Each structure stands twice: as C-alpha cells, then as structure tokens.
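One letter stands for each residue in the lines below.
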Amino acid sequence: MIDGMSERTIALVTGANKGIGYEIAAGLGALGWRIGVGARDQQRRDTAVEKLRAAGTDAFGVPLDVTDDESVAAAAELIAGHAGGLDVLVNNAAITGGMPQTPTTVEPATVRAVVETNVIGVIRVTNAMLPMLRNSASPRIVNMSSSVGSFALQTTPGIDMGQVPAAYLASKTFLNALTIQYVKELSDTNILINSGCPGFTATDLNGFQGVRTPQQGAAIAIHLATLPDDGPTGGFFDDAGTVPW
C-alpha cells in the first residue's frame with residue numbers, strides 16, 4: 001500500500017467500463033481500494049460494476065461524459081457524497097477518431113472531437129476533481145497517454161511508429177504537454193502527476209489489433225497510481241521505464 005493511504009483509498013477511473021480502463025479498475029480494486037467506474041453508457045457501466053463487485057471489488061458507478069461540463073460536475077458531486085473524497089484519478093477515457101487519419105485527409109471536425117475527449121476532457125475532469133485530491137494524504141493523477149505522442153520517437157531514424165493517426169497522435173502529444181504544465185502549477189502540492197503508455201494493447205480502440213492484453217496495458221497505470229510519496233512526478237513511463245518526450 002502507499003504510505004499514508006489506507007485500504008479505503010478512493011480512485012476514479014474514466015472510461016472504465018471496458019478494455020484497459022476496466023482492468024485498471026480491477027487491478028486497483030484488488031488492492032482493497034474503492035473504485036469509481038466512470039463511463040457514459042449506463043448499461044456497460046452497470047455491467048462493469050456488477051462484474052467488479054462479483055470479483056470482490058468495492059466498485060460504484062459514476063455517470064461520466066468527459067466532454068460535458070454538467071456531467072463532470074455531477075460526477076464530482078456524486079463522488080464527494082458517495083465516497084467522501086478522492087485520492088487517485090486515472091484519466092483513461094479516449095477515442096481515436098477513426099481511420100484513416102493522415103494529416104492531408106483528416107477532417108477538422110475529427111481533430112476537434114478527438115481533442116475534446118483526449119485533452120479537454122482531461123482538463124475538465126482533473127479540475128473538477130482537484131479540490132478532493134488536494135485534501136488527500138497521498139494524491140495521484142495518472143494520464144493515459146501513448147508512445148505515438150512522443151516527439152523523440154516520432155523523429156528518431158529507424159523507429160517505425162506505424163500508421164499516421166494525425167488527430168490521435170497529436171492529442172497524445174498535447175496531453176503530455178498538459179501533464180507537464182499541471183506538474184509545474186501544482187509543484188507546491190503533494191500530488192504526483194505522470195503520463196503512462198500502455199503499449200500496443202488489443203482493445204476496440206484499435207480494432208483489437210494490439211499485441212498486449214488489457215491486463216498488461218493496465219499495469220503502468222496501476223504502477224503510477226500506487227507510487228510511494230517520494231515517487232516521481234512529471235514523467236512519461238511504460239512498463240520498461242521512461243519514455244522519451
């Protein structure tokens with residue numbers, strides 16, 4: 001367990017009804033934590049909560065559309081009232097925007113939609129949850145990013161990043177930059193904030209083309225969510241260690 005945290009640590013995972021998000025919720029729940037399952041779709045959310053509870057996790061549903069101000073505000077009120085606070089936020093919800101997505105063909109509306117969920121959604125949720133996180137003994141924020149957003153990897157000769165998903169790739173670079181700015185602004189707090197890359201994981205986000213399981217993809221988020229109080233902040237990590245910006 002994290003120093004200063006009890007087994008009643010409260011975590012919110014966005015996009016937690018399936019895939020990597022669900023496995024993050026399951027992994028943190030297995031630690032004895034209470035897990036808020038953030039998701040838009042009520043049926044999928046309820047199903048995920050029931051499955052987690054059947055496995056022994058103290059889970060509760062959080063209706064949450066990260067693109068909607070009122071939904072996010074209501075989610076914060078629900079968590080405050082139902083759980084009494086929040087210790088860990090995992091910003092996992094994301095969309096790709098569909099393929100193909102080359103810079104010369106992508107529709108501006110697609111870019112807007114991807115950024116709205118993958119970046120602005122993170123801002124919206126993080127800012128709504130910050131008052132509770134500030135009151136936590138050992139708060140953590142984990143932003144689920146991707147190595148495709150790394151400028152260093154994109155520009156290193158010999159490294160093949162695969163397809164060029166222009167909107168999705170740019171949104172993850174944007175998210176990484178945002179993570180750094182949050183770290184700078186909140187440097188006088190005890191909140192540890194990091195970006196994590198799950199690797200090429202088989203989920204419906206990529207048509208199940210990935211080579212890693214959702215459980216493997218969730219591992220980095222679980223690691224960053226359970227960092228000790230003297231752990232790193234302002235970093236970009238995957239299972240192998242540090243990912244270059």
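As named in an unreviewed UniProt entry, the protein chain is NAD(P)-dependent dehydrogenase (Short-subunit alcohol dehydrogenase family), taken from Streptosporangium brasiliense. On record in UniProt, under Sequence similarities (unreviewed entry), the comment for the protein chain is "Belongs to the short-chain dehydrogenases/reductases (SDR) family."

Novice: Any details on the overall build of the protein chain? Residues and values, ideally.
Specialist: Within the protein chain one finds seven helices and eight strands. Against the compact-globule benchmark of 18 Å for 245 residues, the protein chain has a radius of gyration of 17 Å, which places it among compact chains. Each principal axis of the C-alpha distribution contributes one length, and for the protein chain these read about 50 × 40 × 30 Å. For the protein chain, buried positions account for 49% of its 245 residues. Look at the contacts in the protein chain between residues 6 or more apart in sequence, and 71% of them connect residues 24 or more apart. Carbon and sulfur atoms form 54% of the exposed surface of the protein chain, whose accessible area is close to 11100 Å². Of the charged side chains in the protein chain, 15 are positive and 23 negative; the average position of the first set lies 3 Å away from that of the second.

Novice: Tell me about the pairing of strand S6 (residues 192-196), residues and numbers included.
Specialist: Among the five residues in S6, five count as buried, and that is most of the element. Pairing analysis gives five bridges linking strand S5 (residues 140-144) to S6, with the strands arranged parallel. From the neighbouring strand, Val-142 faces S6, where its bridge partner is Asn-194. In this structure, S6 lies alongside strand S7 (residues 236-238), joined through two bridges in parallel fashion.

Novice: Quick one: what's the story with the environment of Tyr-168, residue by residue and with numbers?
Specialist: Position of Tyr-168 relative to the elements: it lies in helix H6 (residues 166-185). By relative accessible area, which is 12% here, Tyr-168 ends up buried. A sequence separation of 10 residues divides Tyr-168 from Leu-178, and the C-alpha atoms of the two residues are 15 Å apart.

Novice: Provide a residue-level description of the sheet that holds strand S8 (residues 241-242), including the pertinent values.
Specialist: Read across the sheet, eight strands follow the order S3-S2-S1-S4-S5-S6-S7-S8 without closing on themselves; strand pairing throughout is mixed. The open sheet terminates on both sides in strands that have one partner only, identified here as strand S3 (58-63) and S8. Taken together, the six bridges between strand S2 (residues 34-39) and S3 define a ladder with parallel strand orientation. Looking across to S3, one finds that Ile-35 is bridged to Ala-59. Against the sheet, helix H3 (residues 69-82) contacts strand S1 (10-14), S2 and S3, and its axis sits at roughly 150° relative to S3. Strands in contact with helix H7 (residues 214-225) are strand S4 (88-91), S5, S6 and S7; relative to S5, the strand with the most contacts, it is inclined by about 155°.

Rules and cut-offs
Residues numbered from 1 in each chain as written. Predicted model: local features only at pLDDT ≥ 70, side-chain atom pairs only at ≥ 80, totals over all residues. Heavy atoms only, no water. UniProt positions renumbered as here; feature names shortened; annotations may be inferred. Helix = DSSP H or I, 4+ residues; strand = E, 2+ residues; numbered from the N terminus. Rg over C-alpha atoms; globule rule 2.2 N^0.38 Å. Buried < 20%, exposed > 50% of the residue type's maximum accessible area, 1.4 Å probe, protein only. Contact = heavy atoms within 4.5 Å. Areas by Shrake-Rupley, 256 points an atom, 1.4 Å probe, with all protein chains shown as cover. Lys, Arg positive; Asp, Glu negative; His and termini not counted. Charge placed at Lys NZ, Arg CZ, Asp CG, Glu CD. Pairing = 2+ DSSP bridges. Axes fitted to C-alpha atoms, helices over the stretch in contact; angles between N-to-C directions.

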